[in-house]
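Inside the fold
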Amino acid sequence: MLTDLRDWIALLEREGELVRISAEVDPDLEITEIVDRTIKSGGPALLFERPKGAQHPLLINQFGTERRMCLAFGVDRLDDVGQKVADVLEMQPPTGLIEKVRGLQKLKSIADSRPRTVRKGACQEIVLRGDDVDLGLLPIQRCWPGDPAPFITLPAVITQDPRDGTRNVGMYRMQVIDRATTFMHWQMHKDGRADWLASDGRIPVAVALGLDPITAYSASAPLPKHVDELMLAGFLRGKPVELVRGVTVDVEVPANAEIVLEGYVAKDELGEEGPFGDHTGYYTAAEPFPIFHVTAMTMRRDAIYPSIVVGKPPQEDAWLGKATERIFLPAVRATVPEIVDYDLPIAGAFHNCCIVSIRKAYPGHAQKVMHALWGLGMLSLTKCIVVVDAGVDVHDYEQVLFYAGANVDPARDVVLATGPLDHLDHAPERQFVGGKLGIDATAKWPEEGARPWPEEIEMSPEIRALVDRRWGEYGIESVPGAGNGGVGKTSRSLRQLLRR
């Protein structure tokens, strides 16, 4: 179990997953170009030890491959993390003594996941207040040429609902204005914005930078508002997150964070934030957003600043998104149990497309699932949903495209709807709302207006087994494929290359 960022860096180094860069490198654009090339080649995490103009090193690309995400969670596959969540969601009343003991163990694990308050933490070894606060000490990146200023890109922003004290931890970009102020990019659909709008005058805010990887991930998780992200982190870590009270705000912060920015956001103080080179692959336009005033800057000695670059996919955030996809599959199934699996393509920036396989049980079932997903949490922002049958591998895009072509009559199988869209989506005529596209690529039933459906081509099991046995006699060096008649083999090899 990794207790802080330094444990994580040590693990990455032991596993050959980190490169230290001792040359002086400029956080203004230069680091982005280095990181972009590294990510797209499946390269390592990078620790820039001498960022130009700053007093602290910069860690980036810590989440940039599937293997590193698995290392962070201590699993072989990201689905293993989802299974841990599923074990809790699928708890049933125990029928025997052994089941009762197992149930108690699960309940204890949940109870032990709640954050724990401690008297002091490493994050407050150094405390800067008032005029001593200087964001210029940190190697904050300006990532793309059209960005007007440096942006903090990997924060855990902590607020409390003024009405009931419920904590929210979210990941929102923060454009630097000067040495002690930033914008706070609280988008339309985000819980941090809801807390701010519920305040009477101003809301206290704390920003934690440089956390253990699971706690950092949890800040990006699309949890319901009443679920504490730090409790999720404790559950996934197997040990509660320790918190310490802020020095200038009544907000608890992770005790082992590298850096904490404390301050407030006033109710009616807005400024023009942006543009910003975003995960959509485009610059998001400048808009009015609230301003965060830093009242204290606390940190560990020799603090390490974490960063992330977003832009045209794939970027490092691809695997944060894939972790969410796998971890929250059991929660999606709990609401829509006919779902077998789903995939949010990296190239679709996650909110643009969802491929879902279902156990089809009645006519119109695919359309029912589309509308269920369009009403489910952050999946409600999905622009296009493709539904396939249970036997289709949703992660094999070549196979999905085959069925989307073979099984679809656009006059019958395409659904057009209207609903909420992502704040950053530039395509719709009106911001925040626009069209939805559903494609039913399942095999059609007579009740759905289909003619007799043809049988798919597939070799007999006996001949396949015969060729398997005799393969060595044929003198063909390549390994025999077991794909769906050839469909999907190319995309599988490309996917393996991407995840290397």
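First, a word on what this report is: a plain description of the structure on this page. (Residues numbered from 1 in each chain as written. Predicted model: local features only at pLDDT ≥ 70, side-chain atom pairs only at ≥ 80, totals over all residues. Heavy atoms only, no water.)

Digging into the overall build of the protein
Helix and strand counts for the protein stand at 15 helices and 23 strands. For 500 residues, the compact-globule estimate of 2.2 N^0.38 gives 23 Å, and the C-alpha radius of gyration of the protein, at 24 Å, lies within 12% of that figure. Taking the principal axes of the C-alpha coordinates as reference, the protein spans close to 75 × 60 × 55 Å. For the protein, restricting intrachain contacts to residue pairs at least 6 apart in sequence, the fraction spanning at least 24 positions comes to 70%. Counting every atom, the protein has about 23,100 Å² of accessible surface; 54% of that belongs to carbon and sulfur. (Helix = DSSP H or I, 4+ residues; strand = E, 2+ residues; numbered from the N terminus. Rg over C-alpha atoms; globule rule 2.2 N^0.38 Å. Contact = heavy atoms within 4.5 Å. Areas by Shrake-Rupley, 256 points an atom, 1.4 Å probe, with all protein chains shown as cover.)

Things to note about the environment of glycine 475
Within the fold, glycine 475 resides in the loop between helix H14 (461–470) and helix H15 (489–498). Overall, glycine 475 belongs to the exposed group, its relative accessible area being 63%. A sequence separation of 204 residues divides glycine 475 from glycine 271, and the C-alpha atoms of the two residues are 70 Å apart. (Buried < 20%, exposed > 50% of the residue type's maximum accessible area, 1.4 Å probe, protein only.)

So, the sheet that holds strand S22 (residues 414–420)
Strand order in the open sheet made by the five strands is S19-S20-S21-S23-S22, with mixed pairing throughout. The open sheet terminates on both sides in strands that have one partner only, identified here as strand S19 (339–343) and S22. Between one strand and the next, the sheet's axes are offset by a mean angle of 20°, whatever the strand orientation. With six bridges connecting them, strand S20 (residues 353–358) and strand S21 (residues 384–389) associate as parallel partners. By the bridge assignment, cysteine 353 is partnered in S21 with cysteine 384. (Pairing = 2+ DSSP bridges. Axes fitted to C-alpha atoms, helices over the stretch in contact; angles between N-to-C directions.)

Details of the packing of helix H3 (residues 66–73) against helix H9 (residues 317–327)
At a minimum axis separation of 10 Å, H3 and H9 run at an interaxial angle of 60°. Between H3 and H9, the angle is such that the two are oblique. Handedness of the H3/H9 crossing: right-handed. Touching Glu66, Met69 and Phe73 of H3 are Trp319, Leu320, Ala323 and Ile327, all from H9. (Parallel < 35°, antiparallel > 145°, perpendicular 65-115°, else oblique. Left-handed = near helix turned anticlockwise from the far one by under 90°.)

Things to note about the packing of aromatic side chains
In total, this model carries six aromatic pairs according to the counting rule given. When the ring of phenylalanine 151 is compared with that of phenylalanine 276, the centres are 4.5 Å apart and the planes differ by 50°; the resulting orientation is tilted. With phenylalanine 151 in strand S6 (residues 151–152) and phenylalanine 276 in strand S15 (residues 276–277), this residue pair connects regions lying 125 residues apart in the sequence. A single burial state applies to phenylalanine 151 and to phenylalanine 276, both of which are buried. With 6.1 Å between their ring centres and 40° between their planes, tryptophan 186 and tryptophan 196 make a pair best called tilted. Residue tryptophan 186 is located in the loop between strand S10 (181–183) and helix H6 (191–197), and its partner tryptophan 196 is located in helix H6; the two are separated by ten residues in the primary sequence. The exposure class assigned to tryptophan 186 is buried, which follows from its relative accessible area of 0%. In this structure tryptophan 196 comes out as buried when scored by relative accessible area, which is 5%. (Phe/Tyr/Trp six-rings, centres within 6.5 Å; stacked < 30°, edge-to-face > 60°.)

Notes on helix H11 (residues 365–373)
Helical periodicity: at 3.6 residues per turn, an α-helix aligns residues three or four positions apart in one direction. Along H11, the residues classified as buried are His365, Ala366, Val369, Met370 and Leu373. Along H11, the residues classed as buried sweep out an arc of 145° about the axis, all on the same side. Looking at the buried residues of H11, the elements they touch are helix H10 (329–335), S19, S20, S21, S22 and strand S23 (433–440). (Arc of directions from axis to C-beta.)

Description of H3
Burial within H3 is extensive, with seven of its eight residues counted as buried. Three or more residues of H3 are buried, namely Glu66, Arg68, Met69, Cys70, Leu71, Ala72 and Phe73. Glycine 74 sits one or two residues past H3 and shows a positive phi near 70°.

Here's the deal with the nonpolar core
If you look at the biggest cluster of nonpolar residues, it comprises 64 residues, and the most contacted ones within it are Phe73, Ile339, Val356 and Leu373. When sequence neighbours within four positions are dropped, the list of residues in contact with leucine 373 reads Val332, Ile339, Cys354, Val356, Leu379, Ser380 and Ile385. Grouped together as the second largest cluster of nonpolar side chains are 40 residues, Val25, Val35, Leu261 and Val265 included. (Core = buried A, V, L, I, M, F, W, Y, C linked by side-chain atoms within 4.5 Å.)

Considering the side chain of arginine 142
Note that arginine 142 resides in the loop between strand S5 (126–129) and S6. Note on arginine 142: relative accessible area 17%, which makes it buried. Within the structure, the side chain of arginine 142 is placed 3.1 Å from the backbone oxygen of aspartate 147, a separation counted as a polar contact. Setting aside anything within four residues of it in sequence, one finds arginine 142 in contact with Pro27, Asp28, Leu29, Thr32, Asp147, Ala149 and Pro150. (Polar contact = N/O pair within 3.5 Å; in protein donor to acceptor, adjacent residues only side chain to side chain.)

Quick word on the packing of helix H1 (residues 5–14) against H3
The description of two helices packed together rests on the angle between their axes and the distance between the axes. Closest axis-to-axis distance for the H1/H3 pair is 11 Å, and the angle between their directions is 130°. Regarding the angle of H1 to H3, the classification is oblique. Considering how the two elements wind past one another, H1 and H3 form a crossing that is right-handed. Here H1 contributes Trp8, Leu11 and Leu12 to the contact with H3, which in turn contributes Arg68, Leu71 and Ala72.

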